[in-house]
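Take a look at the letters that make up each chain.
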Amino acid sequence: MTDKPLSSMTIGILGVGYFASYFIAGLRKGGFKGQILLSPRNAQTANKLAQTHNCSIAVTNQDVIDHTDLVVVSVKPEHLQELLTGLSFKDDQIVVSAVAGISVENHHKTGPLPQTLIRMIPVCCIEAGEGVVPIYPAHKIVEDLARFTGAPVTFNTEEEFDLSLAASCMNGWLYEFFGSMTQWLENKGLPSETARTLVLHNVRGATGYALLKENEDLTSITNDIATEGTFTLKGLEVLRKHQGIIAWDKALDEVHANLIRDN
Ligand SMILES: NC(=O)C1=CN([C@@H]2O[C@H](COP(=O)(O)OP(=O)(O)OC[C@H]3O[C@@H](n4cnc5c(N)ncnc54)[C@H](OP(=O)(O)O)[C@@H]3O)[C@@H](O)[C@H]2O)C=CC1
């Protein structure tokens, strides 16, 4: 089975919700033309994905397993045990889990899974064809699949993979941050579309510039801009005084501590 080219593989999805929707959208946007077979649960989302992204809907979860080479598990962590109960995977099947906070070892303790269990947890920006796809442990086929949706990054240890998940949460926090800056500009009188464009393109510009300056320390880019007497430095000092920068480290600490505890 693992000798098959990716394009002729059928991908199964168990857990057809928010993650599955952006993962499938990312795959199709990236040019993946293989078959995708969906669990029938959550019929509304499954029907929508079937229509918009050329997927098929199975009759049962076992049906998904029986007719696919690689199965993506994307149920909430608290539903994993119930999902796996009574299911029977093929020995040579590849299972890719997007379930956050459950180690490879604990996946195996939760229910019967084949030996090849790979964790892969990209965030929603893959729907736009952007972002990284954290993978653990390394697996060539899973990395090739991930490449349709973004840039695969593999980790040598599960501890490193967990650190990447804390960084992934940061992606989610950013939208609230962008929203609040946009709102501030709107409150001061800018049309909402202009405010949104300013914020999003300033952020995009910052990441583009930082990626271009690959040998430069990121903090030193700020220091080069926020020199004595600049408006940028005035604002930065306020952010530092109100723990606006350090608060992000504290949020990362909180997420990381919980990821480790749950593992
Ligand atoms: N949302 C995100 O941004 C990210 C999510 N993830 C991970 O992805 C996983 C899914 O999250 P998300 O997509 O947000 O959650 P959703 O609730 O949107 O989707 C989960 C889906 O699983 C279905 N489901 C539950 N039990 C079963 C079952 N026994 N058989 C088949 N389907 C079942 C649910 O159906 P029903 O609604 O009927 O219960 C639901 O449609 C989580 O483990 C999360 O950690 C990882 C990275 C980011």
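These remarks concern the structure in this document.

Scoring rules and cut-offs
Residues numbered from 1 in each chain as written. Predicted model: local features only at pLDDT ≥ 70, side-chain atom pairs only at ≥ 80, totals over all residues. Heavy atoms only, no water. Salt bridge = Lys/Arg side-chain N within 4 Å of Asp/Glu carboxyl O. Helix = DSSP H or I, 4+ residues; strand = E, 2+ residues; numbered from the N terminus. Buried < 20%, exposed > 50% of the residue type's maximum accessible area, 1.4 Å probe, protein only. Arc of directions from axis to C-beta. Contact = heavy atoms within 4.5 Å.

## Re the pattern of salt bridges
Once the charged atoms of two side chains with opposite charge are near each other, the side chains can pair.
1) Next: Considering all chains together, one arrives at 7 salt bridges under this definition.
2) Next: The residue Glu105 makes a salt bridge to Lys109 at a minimum N-O spacing of 3.3 Å. You can see Glu105 and its partner Lys109 sitting in helix H5 (residues 104-110), 4 residues apart, about one turn around the helix. Like Lys109, Glu105 is exposed.
3) Next: Two residues, Lys140 and Asp144, come together in a salt bridge whose shortest N-O distance is 2.6 Å. Taken together, the residues span about one helical turn, with Lys140 and Asp144 both in helix H6 (residues 140-146) at a distance of 4 residues.
4) Next: Classification of Lys140 as exposed rests on a relative accessible area of 59%.
5) Next: Judged by its relative accessible area of 25%, Asp144 is partly exposed.
6) Next: One continuous salt-bridge network, built from bridges that share partners, spans Arg119, Glu158 and Asp162.

## Focus: helix H2 (residues 43-53)
1) Next: Listed as buried for H2 are Thr45, Ala46 and Leu49. An end-on view of H2 places all buried positions within 100° of arc, on one side of the element. Turned more than 90 degrees away from the buried face of H2 sit Gln44, Lys48 and Gln51, all of them exposed.
2) Next: The inward-facing, buried residues of H2 contact helix H1 (18-29), strand S2 (35-38) and strand S3 (56-57).

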